[in-house]
Amino acid sequence: MASTKKTFLGEGRASSPLAAEGKSKSELLAGLEHWRANSESDKGKFPLSSGFYSSEEFLTMEVENIFHKEWQCVGHVSELKKPGDYLTFELVGHPIMVVRDRSDELRAFSNVCRHRSARLLDGSGNTKLLVCPYHAWTYELNGKLRGAPFMKPAQVKDICLNDLRLEVWQGLVFVNLDQNAEPLAPRLESLQEEVGPFNLAGMDVVHSYDDEVDCNWKVLVENFCESYHVFRVHKTTLEPDTPTASVEVMPGGPGYNHHTMRCVTAAATNEKENKEHLSCIYPSLTFAIRTASVIWLSIQPLQYNRLRFRAWVARDLNAGRATESEVKTDMELVAAFMAEDKIINTGVQKGLECGVGNRGPLNEMEKTNWQFGQYVASKLLG
Ligand code: FES
Ligand SMILES: [Fe+2]
């Protein structure tokens with residue numbers, strides 16, 4: 001009988017009787033080692049095996065080895081322009097906030113009061129001080145406790161919010177739960193050469209939203225790593241402007257994969273402007289950038305078969321190229337292609353969970369999925 005499991009990320013859903021539930025950590029790691037050793041043959045490259053998408057135990061290992069250690073995108077500098085601007089996010093169950101302080105520094109903190117753990121901020125906005133909604137302990141924008149009602153000053157001296165590592169790359173704000181993490185930028189140097197000219201840092205977020213999907217986090221990441229499915233799934237929404245036949249897979253690197261597509265309608269003045277660049281910065285940021293606009297997603301696992309993502313649309317407003325109708329078109333396009341992807345991806349998850357067998361080989365255009373699989377294996381196996 002299907003069981004409902006309590007998981008570290010919240011209440012679990014009923015799991016499939018055929019899922020890889022019940023496999024021990026060592027069995028899963030041995031399976032992953034086997035996949036890595038056999039992921040290429042004369043038939044081509046193969047995607048990760050289905051068991052790695054249908055196991056809470058495997059997700060626990062991914063959370064420990066990937067999501068607790070890697071840089072994850074939580075926003076964009078245009079959302080945090082003035083002192084007091086803040087945004088909130090949840091990194092595998094850890095509520096965080098990013099605030100611009102009075103000295104114009106961006107700071108990341110756990111969004112958790114040091115008194116008795118209440119959540120300090122919700123959503124996004126601007127604030128002069130960080131005031132806890134529970135007993136009104138009040139923090140400066142730099143995280144220092146400024147006052148605590150009915151407490152003796154000596155009792156609360158030197159209390160600060162829990163500081164987190166923050167790095168901005170190309171205007172994207174990343175946070176890392178690991179205080180000893182290596183910086184992000186060096187592993188993205190060659191990607192920066194490709195996408196730097198698009199001036200992502202100078203764009204403005206014009207739309208963002210959160211949503212959840214009933215599939216493993218890797219299913220949605222892989223969906224964005226490849227554009228092989230565009231001609232079929234997005235026949236009327238994306239294919240006319242970015243045809244599948246134009247996909248070119250770039251070499252990628254240890255921290256990311258990367259492919260390009262030709263933009264049919266781009267008013268291009270040169271070959272570079274003619275292209276859309278699609279990349280996954282591991283583990284779970286996927287973006288598509290072209291002249292004057294970018295769309296990206298930051299994906300977080302909730303359970304082995306459910307994820308949450310935040311999607312952003314940003315545009316180059318300085319160039320005067322973002323009319324209201326263009327922004328509306330962007331938003332409608334995201335809603336349309338996400339709805340198409342969601343149907344496919346929830347179906348993929350069911351297929352993976354029922355254990356009917358393996359997948360592949362991959363098309364050349366899906367080499368990026370194989371690269372992503374290698375990344376996951378390297379994080380879990382070393
Ligand atoms: S939990 Fe924040 S003031 Fe009590
Ligand atoms: Fe898609």
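Rules of the game
Residues numbered from 1 in each chain as written. Chains lettered and ligands numbered in written order. Predicted model: local features only at pLDDT ≥ 70, side-chain atom pairs only at ≥ 80, totals over all residues. Helix = DSSP H or I, 4+ residues; strand = E, 2+ residues; numbered from the N terminus. Rg over C-alpha atoms; globule rule 2.2 N^0.38 Å. Buried ≥ 20, exposed ≤ 12 C-beta atoms within 10 Å, placed from the backbone. Contact = placed C-beta atoms within 7 Å. Axes fitted to C-alpha atoms, helices over the stretch in contact; angles between N-to-C directions. Parallel < 35°, antiparallel > 145°, perpendicular 65-115°, else oblique. Left-handed = near helix turned anticlockwise from the far one by under 90°. Nonpolar A, V, L, I, M, F, W, Y, C, P; charged D, E, K, R; others polar. Pairing = 2+ DSSP bridges. Core = buried A, V, L, I, M, F, W, Y, C linked by C-beta atoms within 7 Å. Domains from an automatic or database assignment. pLDDT = per-residue confidence, 0-100.

**Student:** I'm lost on the overall build of the chain in this one. Help?
**Tutor:** A tally of regular secondary structure across the chain gives seven helices and 21 strands. Its C-alpha radius of gyration of 22 Å places the chain within 12% of the 21 Å reference for a compact globule of 382 residues. In terms of principal-axis extent, the alpha carbons of the chain reach across some 70 × 60 × 35 Å. For the chain, buried positions account for 38% of its 382 residues. Contacts in the chain between residues at least 24 apart in sequence constitute 62% of all its contacts with a sequence separation of at least 6.

**Student:** Even after reading the chapter, I still don't get the environment of Ser 246, so can you show me in this structure?
**Tutor:** When you line up the elements, Ser 246 lands in the loop between helix H5 (230–233) and strand S16 (248–249). Take Ser 246: there are 17 C-beta atoms within 10 Å of it, and that puts it in the partly exposed class. Here the alpha-carbon distance between Ser 246 and Lys 275, two residues 29 residues apart in the chain, equals 9.6 Å. Once residues lying within four places of it in the same chain are set aside, the contact partners of Ser 246 are Met 261 and Arg 262.

**Student:** Whenever I open this one, the packing of helix H1 (residues 25–38) against helix H7 (residues 367–381) confuses me. Can you help?
**Tutor:** The relative placement of two packed helices comes down to the angle between their axes together with the axis-to-axis distance. One way to put it is that H1 packs onto H7 with a least axis distance of 10 Å and a crossing angle of 135°. Relative to H7, the element H1 lies oblique. With respect to the hand of their crossing, H1 and H7 are arranged in left-handed fashion. Between H1, through Leu 29, Leu 32, Glu 33, Trp 35 and Arg 36, and H7, the contact on the second element is made entirely by Ala 377, Leu 380 and Leu 381. Looking at the contact of H1 with H7, its residues break down into six nonpolar, no polar and two charged.

**Student:** Any chance you could explain the sheet that holds strand S21 (residues 306–315) here in plain terms?
**Tutor:** Note on sheets: strands pair through backbone hydrogen bonds, and any given pair is parallel or antiparallel. Spatially, seven strands are ordered S15-S21-S20-S19-S18-S17-S16 in an open sheet, and the strand pairing comes out antiparallel. Edge positions in the sheet fall to strand S15 (204–213) and S16, since each of these pairs with one other strand and no more. Pairing geometry for S15 and S21, over nine bridges, is antiparallel. Note that in S21 the partner of Asp 204 across the bridge is Arg 315.

**Student:** Would you mind showing me how to read the nonpolar core here?
**Tutor:** Note on soluble globular proteins: their nonpolar side chains tend to be buried together. Counting 78 residues, the largest nonpolar core has Ile 96, Val 98, Leu 220 and Cys 280 as its most contacted members. Domain assignment of the residues forming this core places at least three in each of domain 1 (72–167) and domain 2 (189–381). Ignoring anything within four residues of it in the chain, the contact list for Ile 96 reads Val 74, Thr 88, Phe 89, Leu 91, Ala 108, Phe 109, Ser 110, Asn 111, Leu 164 and Val 175.

**Student:** What should I look at first to understand the domain arrangement of the chain in this one?
**Tutor:** Examined at the domain level, the chain breaks down into domain 1 (72–167) and domain 2 (189–381). Here domain 1 and domain 2 have C-alpha centroids that lie 31 Å from each other. Only strand S5 (72–76) and strand S6 (85–91) provide two or more residues apiece to the side of domain 1 that touches domain 2. Top element by residues in the side of domain 1 that touches domain 2 is S5. It accounts for four residues.

**Student:** Just checking my understanding: could you explain the sheet that holds strand S11 (residues 138–139) for this structure?
**Tutor:** Taken in spatial order, the three strands of this open sheet run S10-S11-S12, and their pairing is antiparallel. Both edges of this open sheet fall to strand S10 (130–131) and strand S12 (145–147), since each of them pairs with a single strand only.

**Student:** I'm lost on unusual backbone geometry in this one. Help?
**Tutor:** Trans peptide bonds make up the majority, and among non-glycine residues the majority have a negative phi. Going from Tyr 282 to Pro 283, the amide bond is cis rather than trans, its omega being 5°. Non-glycine residue Asp 104 carries a positive phi angle of around 75°. Tracing the backbone through its elements, the reader meets Asp 104 in the loop between strand S7 (94–100) and strand S8 (106–110). By C-beta crowding, Asp 104 is classed as exposed, having 9 other C-beta atoms within 10 Å. Positive phi is not limited to glycine here, since Ala 292 has a value of about 75°. Looking at where Ala 292 falls in the secondary structure, it is placed in the loop between strand S19 (285–290) and strand S20 (293–303). By C-beta crowding, Ala 292 is classed as buried, having 21 other C-beta atoms within 10 Å.

**Student:** Sorry, what's going on with the pairing of S8 here?
**Tutor:** Looking down a regular strand, the side chains alternate between one sheet face and the other. Sheet topology places S7 next to S8; five bridges connect them, and they run antiparallel. Counterpart to Met 97 in the pairing with S8 is Phe 109. Counted along the chain from S7 to the antiparallel partner S8, the turn is five residues long, and its residue Asp 104 has a positive phi close to 75°.

**Student:** Sorry, what's going on with the confidence of the model for the chain here?
**Tutor:** When pLDDT is low, close inspection of the predicted coordinates is not appropriate. When pLDDT is averaged along the chain, the result is 91; 91% of the residues meet or exceed 70. Contacts from residues 1–19, a stretch scored under 50 in pLDDT, to residues over four places away or in other chains number 36 contacts.

**Student:** Help me understand the packing of helix H4 (residues 217–225) against helix H6 (residues 324–353) in this model?
**Tutor:** Running from N to C, H4 and H6 cross one another at 130°; their axes reach a closest spacing of 10 Å. The angle between the axes of H4 and H6 places the two elements in the oblique class. In terms of crossing hand, the pair formed by H4 and H6 is right-handed. Residue-level inspection shows Val 219, Leu 220 and Asn 223 of H4 in contact with H6, the latter providing Asp 341, Asn 345, Val 348 and Gln 349. The residue inventory of the contact of H4 with H6, partitioned by class, reads three nonpolar, three polar and one charged.

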